[in-house]
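So you can see what is in the structure, the chains are spelled out below.
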Amino acid sequence: MIAHGQSITAKNVISLNCVVDMEMMNAAFTDFIDNVTEAGYTPVGNIFFANGGELMQTEAIPMQLFVSVEEDYHGGLTEEFNYRTYFQVRRVLQTRVKGMSQLDFARGMETLGEAITKLDGEYPNTPTFFVFTEFEGEIYTDIGVGLQFEKRLREAF
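What comes next is a walk through the structure. (Residues numbered from 1 in each chain as written. Predicted model: local features only at pLDDT ≥ 70, side-chain atom pairs only at ≥ 80, totals over all residues. Heavy atoms only, no water.)

**Quick notes on the environment of Ala 3**
The criterion, for reference: By the criteria applied, helices consist of DSSP H or I runs no shorter than four residues and strands consist of E runs no shorter than two, each listed in order from the N terminus. In this scheme, a residue with accessible area under 20% of its type's maximum is buried, one over 50% is exposed, and one in between is partly exposed, where area comes from a 1.4 Å probe on protein chains only. Working rule for contacts: check all heavy atoms of both residues, and any pair within 4.5 Å makes them a contact.
The residue Ala 3 is located in strand S1 (residues 2-20) in this model. Relative accessible area serves as the criterion here: at 22%, Ala 3 is assigned to the partly exposed category. Counting along the chain gives 89 residues from Ala 3 to Val 92, while the straight-line C-alpha distance between them is 8.1 Å. Among all residues touching Ala 3, those that are not within four sequence positions of it are Val 92, Leu 93 and Gln 94.

**A word on the nonpolar core**
Using the following cut-off: We call a set of buried Ala, Val, Leu, Ile, Met, Phe, Trp, Tyr and Cys residues a nonpolar core when their side-chain atoms join them within 4.5 Å.
One finds Ile 14, Phe 32, Val 36, Tyr 41, Phe 49 and Met 63 to be the most contacted residues of the largest nonpolar core, which totals 33 residues. Sorting the residues of this core by element identifies S1, helix H1 (25-38), strand S2 (43-51), strand S3 (61-69), strand S4 (81-98), helix H2 (102-117), strand S6 (128-135) and strand S7 (138-149) as the ones contributing at least two each. Those residues in contact with Phe 49 that sit more than four places away from it in its chain are Met 25, Phe 29, Met 63, Gln 64, Leu 65, Phe 66, Phe 105, Thr 128, Phe 129, Phe 130 and Phe 132.

**What about the environment of Gly 113?**
Checked against the element boundaries, Gly 113 lands in helix H2. When its relative accessible area of 28% is taken as the criterion, Gly 113 is described as partly exposed. In the structure, Gly 113 is positioned 74 residues away from Ala 39 in sequence and 38 Å away in space, judged by C-alpha atoms.

Geometric descriptors of this kind do not, in isolation, establish any biological role.
What follows is the structure in structure tokens.
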């Protein structure tokens, strides 16, 4: 199932750019949260991330990790971390898969890829975002990309 016109919004967001291999993702998430809490922030909600690499890349994946926190900015973070009072990606084309394994991601990416090929007048203009949600004891992953309308130039007569 594909949802068009979704958005990713969060306030008081801390982010970190990193490069990880697929098998080290969980450790990267844990280290990220540990650093955020050690700096005196309280995470609210789940981590989400953007994959800046190729869709099926498994090694040296450029990623950006995000988490909302309860507190306003008070410092304490090293310079590699960024703090935003507000984060938003609008016009997201998104699919949801149950789970958060590489196989689950592959299923979602296939569905999203098929939907992207059917777009008319729009194209992806963001990295792929992965947003985790827990519902009734199950983990779901929303996988999506931000879209932009295609700019068409008029021909001069």
